Amino acid sequence: MTERSPAAAPAPDPDADPAAGQVAGGRGKAAQARRLHPWLWLLPALALLIPFFVMPLGILARNSVYRDDPTALMVPDFTIDNYVRMLTDPYYLDVFTNSLWIAFLVGIIALFVSYPFAYYVVRWARRSRKLLIWAIYMPLIVSVIVRVFGWIVITADSGLINNLLVGVGFIDRPLQILYAVSGMMIGLTHRYLPLMVLPLVNAIAKIDPALLTASAGLGAGRFRTFALVIVPLSLPGIVVGFQLVFAGVLSDYVLPNLMGTTRFRMLAPAIYDEAIGNVSWASAASMAVIMIVIVVAVLLITNLAFRRYAPWARTL
Amino acid sequence: MSLPSRFATPDQPDEAESLTAGNDVDLRLVGVSKFFGAVHALKDCTIDVRRNEILALLGPSGCGKSTLLNIVAGFLDPDAGDVWLRGRHVNDVPPNHRNTGMVFQHYALFPHMTVRQNISYGLHARKLGAEVIDQRVKEMVSLLKFEGLEERYPAALSGGQKQRVAVARALAIRPDVLLLDEALSALDKNLREEMQIELSLLLRRLGITTILVTHDQQEAFTLGDRIALMEHGRIIQVGQPEDIYLKPQSKFVVEFMGSANRLSGTVEQTGEGEGVVRTRCGFVFPIPPGSSGLSTGRSVLAYVRAEDLMLSHEPTAVHAGAPARIVLVTFLGAKSRFVIELSDDQILVERSGGDGPAGFSEGDNVYVSFPLERCHVVPDD
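Because the structure is predicted, anything quoted here is derived from the model rather than measured. (Residues numbered from 1 in each chain as written. Chains lettered and ligands numbered in written order. Predicted model: local features only at pLDDT ≥ 70, side-chain atom pairs only at ≥ 80, totals over all residues.)

Scanning chain A from N- to C-terminus turns up 15 helices and two strands. Taken against the 2.2 N^0.38 rule, which gives 20 Å for 316 residues, the C-alpha radius of gyration of chain A at 25 Å runs more than 25% over that of a compact globule. Counting the 316 residues in chain A, one finds 29% classified as buried. Within chain A, counting contacts between residues at least 6 apart in sequence, those at least 24 apart form 68% of the total. (Helix = DSSP H or I, 4+ residues; strand = E, 2+ residues; numbered from the N terminus. Rg over C-alpha atoms; globule rule 2.2 N^0.38 Å. Buried ≥ 20, exposed ≤ 12 C-beta atoms within 10 Å, placed from the backbone. Contact = placed C-beta atoms within 7 Å.)

Here it is, written out as structure tokens:
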């Protein structure tokens, strides 16, 4: 129960022992080389991340305080005008609230779809287990564009769902699913479902079956055991899954574009339009920075809340 | 199904009348059998446990003792046979309506609940009032002596503390029967022996009917009023610790009960018509009282415990032939151990400290004797 994740306890490297380094201090260079040795392992990752991730982020942050200019693209400056506009102009505010709302909603829907599935996979599935896990991994393997075309066939005005509903006589005219919020949410939910299911499977699988036996032995029925033992103990998976889905939906570009509607603006396409359509690189950058801040803030707040209200979780 | 337990009046089904023998029988198992696939895990187990009695199910791993306990708790269903708890036929009663309290081998404390929440879990499930629950938790905390730990999470407890909390949680619901499933085996040796004594005193003071499962003879003897020895899914022998130790009824029981010397031999007939046992190493002695199934010519195994053997420099009634030789003397503190060799057999002799190694040393020729009633002779199958 108290085992730590491997990442939390790096294997001690005798060569990296600082005391050993001091003892060998007289031999100068050799000791120094030995101290540096562990860091060499990070080199390939750093070589990729610094120029292609850290530096662009820095440039983005810098651009966000520049001024857009109709003739000169961007003028170096230091102004918070972009941010002020983003947070006061109703158009941009809508973009942010729309995206936050959809990210939250999809996170919740994904949770309610995934939880029973994950629970079934862990508790009941025997031979079907591999198949079910594979079905969850599938979307990660198949390109999202390919899947979008599938959903279009199903959700279009003359698609499978509408044909069926009209055919049965449930409705007179086709429902607007594709190119509407509902179609976009179907796509988003499916796209990010694996990121919810996998942490849940992981968390539920970690629950010691003896705890469920103990709960029954103490007089608790199925519902009480589920609500007071299983759900709380799978909270780590719920939190991680929600964070992943939330961050993914908030920054998704493909699905709002291919299945959503321009009458309900989402953040990532709006940033693209701002930069490419309006040629306003500075305001686009400030939107991007706000988005990053929102994601980081949500992650931090959920983590802090989790640590505060579930202090036991670190010992699982 | 009404709420379980002694808080509600237990149902009195008609079948209860068949239990005329005992209002004081808390648990009755009749012909209980269990299969796991093709494995016959329990074979026709029948036993009564009286009120306030502590029964130890003792046996090697895989003998079915834990399975039997899980059937009592309702976590497993028997394939045949009946389970009665306090006169109630409970075969079809789910575990959460049985009012048994189980202590698990690895405690199974809820890691996301504090000690207080763990103990009150079963009380909340019984929908008791907040005051009663508070009172009961206090009672359990002082009973098992872990004041000050109430708000801790299990991860912040030592093994011994977890053990106490697990017992407290099981006792808090005032179970009809307390079930201990290898409950002490996760503790280290010293702590385990301490807990054995403490638990033994506590359970007797509370007068709570208990079934404990263990593979540790000392634990069974320390805690159990009666021992039920199990082997291959069968209850082999039931009795008080002394009975099991001094009057083992089968080869398995003797061998399981600790380090006994095993001597093979045959039953022979003397001139007077009395049967004697002659061991391969040359001991000759009358068939001990209470032995059965020993016809003339039968191959037998004779068991004598190391502490029941005595050494002497002179030939004895049992050992009149060629002397044995002491090949090793080991000082073990409270006692000394002699390894002696006689023809092809190696025999262990233990004498308590007072008798000391004095008088006998390595290389000596010695003769052996033992009280006849301390020798167990069983047919060699």
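On we go from here.
For the rest of this paragraph, the subject is the domain arrangement of chain B. Residues and elements named next belong to chain B. Split by domain assignment, chain B resolves into domain 1 (14-99 + 175-251) and domain 2 (261-379). Put simply, the middle of domain 1 and the middle of domain 2, counted by C-alpha atoms, are 36 Å apart. Taken residue by residue, the interface counts four residues in domain 1 and four residues in domain 2. Tallied by class, the residues present in the side of domain 1 that touches domain 2 amount to one nonpolar, one polar and two charged. (Domains from an automatic or database assignment. Nonpolar A, V, L, I, M, F, W, Y, C, P; charged D, E, K, R; others polar.)

The biggest cluster of nonpolar side chains holds 111 residues, and the ones touching the most others in it are L57, V72 and L179 of chain B. Here the element with the most residues in this core is helix α4 (residues 159-172) of chain B; it accounts for seven residues. Residue assignment places this core across two domains, with domain 1 (14-99 + 175-251) and domain 2 (261-379) of chain B each supplying three or more. With near-sequence residues (within four places) excluded, L57 of chain B lies in contact with K65, L68, L69, I211, V213, A228 and M230 of chain B. Membership of the second largest hydrophobic core comes to 51 residues, among which are Y66, F96, F246 and I271 of chain A. (Core = buried A, V, L, I, M, F, W, Y, C linked by C-beta atoms within 7 Å.)

As a further point, take the interface of chain A and chain B. Contacts between the two partners involve 21 residues from chain A, matched on the other side by 20 residues from chain B. Elements represented by at least two residues in the side of chain A that touches chain B include exactly α10 (209-217) and α11 (222-233) of chain A. Residue contributions to the side of chain A that touches chain B peak at six residues, all from α10 of chain A. By residue class, the composition of the side of chain A that touches chain B is 13 nonpolar, six polar and two charged.

All names here are of chain B. Of note, the phi angle at R86 is positive, near 50 degrees, even though the residue is not glycine. Here R86 lies in the loop between β4 (80-85) and β5 (88-89). Of note in the backbone geometry, E182 takes a positive phi value of approximately 45 degrees without being a glycine. Its 20 C-beta neighbours within 10 Å are what place E182 among the buried residues.

With that out of the way, let us pick up the sheet that holds strand β7 (residues 177-181) of chain B. Residues and elements named next belong to chain B. Taking strand neighbours across the sheet as the criterion, the six strands line up as β6-β7-β8-β3-β9-β10 in an open arrangement whose pairing is mixed. Edge positions in the sheet fall to β6 (100-103) and β10 (234-239), since each has one partner strand and no second. The average undirected angle you get between the axes of adjacent strands in this sheet is 20 degrees. Two strands pair when backbone bridges link them, and β6 and β7 are joined in this way by four bridges, in the parallel orientation. Within β7, the position partnered with V103 by the bridge is L180. Where helix α1 (residues 65-73) meets the sheet, it contacts β3 (54-58), β6, β7, β8 (210-214) and β9 (226-231), and its direction lies at approximately 150 degrees from that of β7. (Pairing = 2+ DSSP bridges. Axes fitted to C-alpha atoms, helices over the stretch in contact; angles between N-to-C directions.)

Residue and element names in this part refer to chain A. Contact geometry for helix α12 (residues 235-250) and helix α15 (residues 281-309): axes closest at 10 Å, N-to-C directions at 170 degrees. With respect to each other, α12 and α15 are oriented roughly antiparallel. Packed against α12, whose contacting residues are V239, Q243, F246, A247 and L250, the element α15 presents M291, I294, V295, V298, L299, T302 and F306 at the interface. Of the residues contributing to the contact of α12 with α15, the split by class is 10 nonpolar, two polar and no charged. (Parallel < 35°, antiparallel > 145°, perpendicular 65-115°, else oblique.)

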